[in-house]
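Overview (structure and organization)
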Amino acid sequence: MDIAVRFGPFEVYPSLNLVIGPDGEQTIEPKMMQVLVLLIERGGEVVSREEILEEVWPDTFVGDEVVYRSISELRKTLGDNSTYPRYLATVPRKGYRWLAGDGTGHQSSGEMANAAGRPLWRRVFVPAAVLLIVLSILLVSVREKTERGSFEEPVTVLIAQSTGSAGENLGRILHQGLESKLGQSPRIRILAPERISEMLRLMRLGPSTPVTVEVGREVCLREGKANVLVEARLDRERDRLILRTQLINPDSGDVISAHREESPEADLADAIQRLADTVRDAVEKLDQSQLTKRVGLEAATTDSLEALRLYSKAMSFGYEWEWGPAERLLNRALEEDPDFASAYIMLAWATRNQIHPRERLTRLDEYSGFAQKALGLSSALPDAERFWIEGSYHHLRGEIDESVAPYQALVSLHPEHLWATHNLSIHFQTRVHHTAWNGMLDSAVKYMKAETDLLPTDTFQNLSSAEFLAFRLGSLEEAEPYVRRVVQLLSSANEKGPEWVRFFPELLELYQQNDPHPLVAALEEARSEASGSDAANLGFAFLDLGKVTRAEALYALEADLGRRLRLFSFAHYVKGEGEKLRKSLAEWYSDPDHLKQAQPMVVVLFALAGYSQEAQTLLERIPPSPYSALDWNDAATGAIQIGLGNFEEGRRLIERALECPLNDMIFLMSAELLARGWEERGSPEEAIRVLERALQRRFIVGSGAAAQWPLWERLLRLYIQSGETDKRLELAGRIRKSLAIADPGHPLLRAVVAVEEATHLEDQ
């Protein structure tokens with residue numbers, strides 16, 4: 001790629017290693033340019049670190065760090081960041097993806113979505129109080145307007161305090177005069193006092209600390225948006241006052257320009273006015289190349305700027321889930337500042353997140369000491385930082401319930417805090433099945449939505465939320481905006497995504513109108529193009545509608561034998577084919593590689609088939625969690641206990657699982673097993689109670705709704721035995737409605753016909 005590449009406000013010249021953008025020309029390293037070109041040429045595909053190393057550093061022994069550094073430097077060059085990417089997106093544990101199209105100069109959908117989601121402080125606005133000044137500036141000659149240029153954002157200025165020989169009072173007057181004059185310009189923004197105070201706190205300095213040039217430079221570097229430091233000084237020389245200002249680049253410390261006025265003390269006001277006009281003009285005329293636009297350093301308390309730089313770089317790796325490099329940088333930060341509390345807590349996270357989930361609690365000693373150290377140092381920290389450390393301390397130790405209050409306090413102060421929001425989202429999603437915890441489900445949905453809205457361009461996050469809301473919560477309406485976002489993101493990246501996203505509009509129509517025909521039409525269209533895992537996912541939807549033949553034909557297209565056997569096992573279960581179910585599971589269990597795919601649904605299927613000991617072995621392979629129970633562990637463990645003959649313990653666990661307000665086939669399967677147990681113990685009324693309770697949920701096509709079939713069949717039979725005529729007819733009507741377009745001869749429909757015929761004979 002030797003021709004110029006254009007995207008957004010940038011032009012890239014690969015042969016010259018040159019990037020031209022709003023900040024002027026930037027020359028980048030040849031290897032960085034090769035990485036950029038590779039990502040652009042791959043047109044939105046995910047490119048792994050291994051591929052980048054092979055393409056850019058062939059026959060060279062280098063580590064992953066060169067890739068991390070190149071991506072980080074490219075983001076700085078493009079003014080991008082990993083949390084809200086416009087150009088370079090990290091795909092966790094997979095690689096990197098280019099978002100800005102093919103370099104034709106058109107803005108991509110990903111860019112537009114990201115721009116719409118930028119925080120308010122990123123937008124340029126003019127306060128009403130300066131409207132008249134803005135209008136007067138517009139009347140200035142075109143020549144002057146051209147000379148002064150234009151900025152995408154106002155220049156942010158910090159005025160440093162520099163007391164000269166004229167004394168503190170006169171120095172304060174000069175400072176206020178400059179601030180007033182500069183603040184009148186729509187092209188200049190004065191750094192807010194509260195932001196300065198916040199930065200001073202993080203530097204372990206008191207709020208009354210004089211903001212000298214040295215202190216001011218560090219404030220600018222930490223804060224990120226302030227790109228000009230103004231030093232003002234007022235000296236007395238005999239009977240005259242000398243007013244001096246310097247414009248300083250806070251990054252390099254270089255003086256951009258210097259200005260001077262002098263006057264008798266009686267004319268000080270006029271001198272300040274003249275100097276302020278000069279400074280204002282100088283700031284407004286600054287060329288973009290003289291300004292440094294940077295992302296601010298992390299908001300963490302340390303008096304060492306170098307420690308903060310190392311910590312901020314470590315955090316950028318952490319956002320990309322690259323905890324090895326993050327750990328090394330955090331250790332270096334702690335060498336610079338041994339009392340850096342936030343570095344200790346993030347070191348605990350970095351150490352913990354490199355340990356396999358199965359082993360984290362057993363290796364608690366490897367990282368809990370860092371968390372303890374952070375907690376001990378946190379008492380004097382700002383509230384937000386202290387809340388994060390306190391919540392993380394409990395979380396890391398497995399005391400999840402104790403972490404909730406500090407996390408919530410943090411999010412109430414800073415709704416944009418991604419990690420606290422994420423941890424709350426995961427916590428409440430995990431705990432929703434304990435209904436004694438009032439508001440658990442509402443909180444799960446609240447924080448999940450908040451997290452997703454903080455990641456508007458993260459396809460996986462939006463897709464996960466859409467699936468949770470649609471297929472677990474059972475609310476297609478709430479899922480719709482996230483599905484639309486997923487469609488936009490997939491379109492901008494030229495990716496296909498899960499098949500259910502394609503037919504979601506028809507799915508929503510079916511849900512609202514209870515009409516399966518639009519959905520079937522969409523499914524049939526998708527089926528003609530489906531293969532592999534897509535075909536298997538479509539198979540679930542066909543199966544839920546009673547289209548068993550089509551479903552099994554799609555399952556047969558699944559290339560992975562283990563997954564194919566699992567899919568057929570589920571189909572055998574819902575059709576009541578017990579012998580086929582046992583045969584498929586036995587074949588699946590015979591391959592050790594399949595055992596690595598242990599999941600709760602498979603565990604319950606084994607328990608249903610009578611393979612309780614095998615089910616127990618599989619359950620033990622599912623990684624443990626610091627939470628009091630895994631998402632579906634109660635249902636799976638209860639099913640196993642019933643199979644092992646421990647009916648009371650199994651009943652208790654399944655009953656607790658049935659309290660979950662979420663939709664899931666595992667709960668239905670375990671409930672059917674519990675109903676079997678009650679029947680075997682001669683308690684059909686208890687079996688009916690369990691089945692009715694489980695079937696209160698409303699399942700949606702594509703979410704495993706076919707798991708209701710065995711419960712329907714058993715409940716029909718129990719209604720007949722107990723003489724519940726009205727209930728059996730009502731249930732028969734419900735089944736007919738749900739399977740209105742099912743295959744002729746569907747086993748459940750045959751049962752319904754038998755019920756209807758028996759009722760007709762009884763009536764005669």
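Residues numbered from 1 in each chain as written. Predicted model: local features only at pLDDT ≥ 70, side-chain atom pairs only at ≥ 80, totals over all residues. Heavy atoms only, no water.

Concerning the overall build of the protein chain
- Check the secondary structure of the protein chain and you find 37 helices and 12 strands.
- Taking contacts inside the protein chain between residues at least 6 apart in sequence as the whole, the part at least 24 apart equals 59%.
- By element, 50% of the accessible surface of the protein chain is carried by carbon and sulfur atoms, the whole surface being about 34,200 Å². (Helix = DSSP H or I, 4+ residues; strand = E, 2+ residues; numbered from the N terminus. Contact = heavy atoms within 4.5 Å. Areas by Shrake-Rupley, 256 points an atom, 1.4 Å probe, with all protein chains shown as cover.)

Things to note about unusual backbone geometry
- Not every positive phi belongs to a glycine, and R238 is a case in point at roughly 55°.
- Turning to its location among the elements, R238 is positioned in the loop between β10 (228-237) and β11 (240-248).
- On the basis of relative accessibility, which here comes to 78%, the residue R238 falls in the exposed class.
- One non-glycine residue, W321, lies in positive phi territory at about 60°.
- Looking at the secondary structure, you find W321 in the loop between α11 (305-319) and α12 (323-336). (Buried < 20%, exposed > 50% of the residue type's maximum accessible area, 1.4 Å probe, protein only.)

Section: the sheet that holds β10
- With mixed pairing, five strands are arranged side by side in an open sheet as β9-β8-β10-β11-β12. The open sheet has two edge strands with one neighbour each: β9 (188-190) and β12 (255-263). Neighbour-to-neighbour, the strand axes of the sheet open up by a mean angle of 25°, direction not taken into account.
- Where strand β8 (residues 155-162) lies against β9, three bridges are found, and the strand directions are parallel. For T156, the partnering residue across the bridge sits in β9 and is R189. (Pairing = 2+ DSSP bridges. Axes fitted to C-alpha atoms, helices over the stretch in contact; angles between N-to-C directions.)

Considering the packing of helix α13 (residues 341-352) against helix α15 (residues 383-396)
- Where α13 meets α15, the axes come as close as 10 Å, and the angle between the chain directions of the two elements is 30°. For the element pair α13 / α15, the angle class is roughly parallel. Crossing of α13 over α15 shows left-handed handedness. Here A341, S342, I345, M346, A348, W349 and R352 of α13 lie close against α15, whose contacting residues are E385, W388, I389, S392, Y393, H395 and L396. (Parallel < 35°, antiparallel > 145°, perpendicular 65-115°, else oblique. Left-handed = near helix turned anticlockwise from the far one by under 90°.)

A word on the side chain of R97
- Within the secondary structure layout, R97 lies in strand β7 (residues 95-98).
- Non-local contacts of R97, meaning those with residues more than four positions away in its chain, are made with G44, E45, V46, Y87, L88, A89, V91, T459, A493 and E495.

Concerning the confidence of the model for the protein chain
- Summary statistics for the protein chain give a mean pLDDT of 81 and a share of 84% for residues scoring 70 or more.
- Note on residues 102-152: pLDDT under 50 across the span, and 54 contacts to partners over four residues away in sequence or across chains. (pLDDT = per-residue confidence, 0-100.)

A look at the pairing of β10
- Burial analysis of β10 places seven of its 10 residues in the buried class, which makes it a mostly covered element.
- One ladder, built from six bridges, connects β8 with β10; its direction is parallel. Within β10, the position partnered with S162 by the bridge is R233.
- Bridge analysis of β10 against β11 gives nine bridges, and the strand direction is antiparallel. Of the residues in β11, the one forming a bridge with E237 is R240.

Thoughts on the packing of helix α26 (residues 561-574) against helix α27 (residues 578-589)
- α27 packs onto α26 with a crossing angle of 160° between their chain directions and a minimal axis gap of 8 Å. Between α26 and α27, the interaxial angle falls into the category roughly antiparallel. As for how α26 packs across α27, the hand of that crossing is left-handed. Contact with α26, carried on its side by G562, L565, R566, S569, H572 and Y573, involves K580, L581, S584, L585, E587 and W588 of α27 and no other residues of that element.
- Class assignment for the residues of the contact of α26 with α27 results in five nonpolar, four polar and three charged. (Nonpolar A, V, L, I, M, F, W, Y, C, P; charged D, E, K, R; others polar.)

Describing the pattern of salt bridges
- In this structure the tally under the stated criterion is 44 salt bridges.
- Across the pair R42 and E45 runs a salt bridge whose closest N-O atoms are separated by 3.0 Å.
- We classify R42 as partly exposed; its relative accessible area is 24%.
- Classification of E45 as partly exposed rests on a relative accessible area of 42%.
- The closest approach of N and O atoms between K575 and E577, which form a salt bridge, is 3.3 Å.
- The exposure class assigned to K575 is buried, which follows from its relative accessible area of 16%.
- A network of salt bridges, in which partner residues are shared, links E672, R676, E679, R714 and R717. (Salt bridge = Lys/Arg side-chain N within 4 Å of Asp/Glu carboxyl O.)

Considerations on the sheet that holds strand β2 (residues 10-13)
- With antiparallel pairing, the four strands of this open sheet are ordered in space as β1-β2-β3-β4. Only two strands of the sheet have a single neighbouring strand rather than two, namely β1 (5-7) and β4 (24-27). For this sheet, the mean angle separating the axes of adjacent strands, direction not counted, is 20°.
- The sheet contact formed by strand β3 (residues 18-21) and β4 spans four bridges and is antiparallel. Its bridge partner being in β4, L18 is matched across the sheet by T27.
- Sitting on the sheet, helix α1 (residues 30-41) touches β1, β2 and β3, and the angle it makes with β2 is about 110°.

Quick notes on α26
- Taking 1.5 Å of rise per residue, the 14 residues of α26 would be expected to cover 20 Å, and the 20 Å separating its terminal C-alpha atoms lies within 8% of that figure.
- Taking burial as the measure, the 14 residues of α26 include 11 buried ones, the bulk of the element.
- Listed as buried for α26 are G562, L565, R566, L567, F568, S569, F570, A571, H572, Y573 and V574.
- The N-capping residue of α26, defined by a side-chain oxygen 3.2 Å from the backbone nitrogen of G562, is D560.
- Phi turns positive, to about 80°, at G576, one or two residues after α26. (Expected span 1.5 Å × (residues − 1). Polar contact = N/O pair within 3.5 Å; in protein donor to acceptor, adjacent residues only side chain to side chain.)

So, the packing of aromatic side chains
- Under the defined criterion, the tally for this structure stands at 20 aromatic pairs.
- Pairing W349 with W388 gives two aromatic rings, centres 6.2 Å apart and planes at 20°, and the pair type is stacked. Of this pair, W349 sits in helix α13 while W388 sits in helix α15, and the two are 39 residues apart along the sequence.
- Residue W388 is classed as buried on the basis of its relative accessible area of 6%. (Phe/Tyr/Trp six-rings, centres within 6.5 Å; stacked < 30°, edge-to-face > 60°.)

Thoughts on the nonpolar core
- Counting 89 residues, the largest nonpolar core has L543, F570, M669 and W709 as its most contacted members.
- In terms of residues, this core owes the most to one element, helix α33 (residues 665-680), which gives 10 residues.
- Excluding its chain neighbours within four sequence positions, the residues that come into contact with M669 are F570, Y573, M601, V604, L605, L608 and A707.
- Residues L88, L334, Y344 and A350 belong to the second largest nonpolar core, which totals 79 residues. (Core = buried A, V, L, I, M, F, W, Y, C linked by side-chain atoms within 4.5 Å.)

Some words on the environment of W678
- Tracing the backbone through its elements, the reader meets W678 in helix α33.
- Relative accessible area serves as the criterion here: at 12%, W678 is assigned to the buried category.
- Counting along the chain gives 10 residues from W678 to I688, while the straight-line C-alpha distance between them is 9.1 Å.
- Sequence-distant contacts of W678, that is, excluding residues within four places in its chain, are made with F647, R651, S683, E686, A687, R689 and V690.

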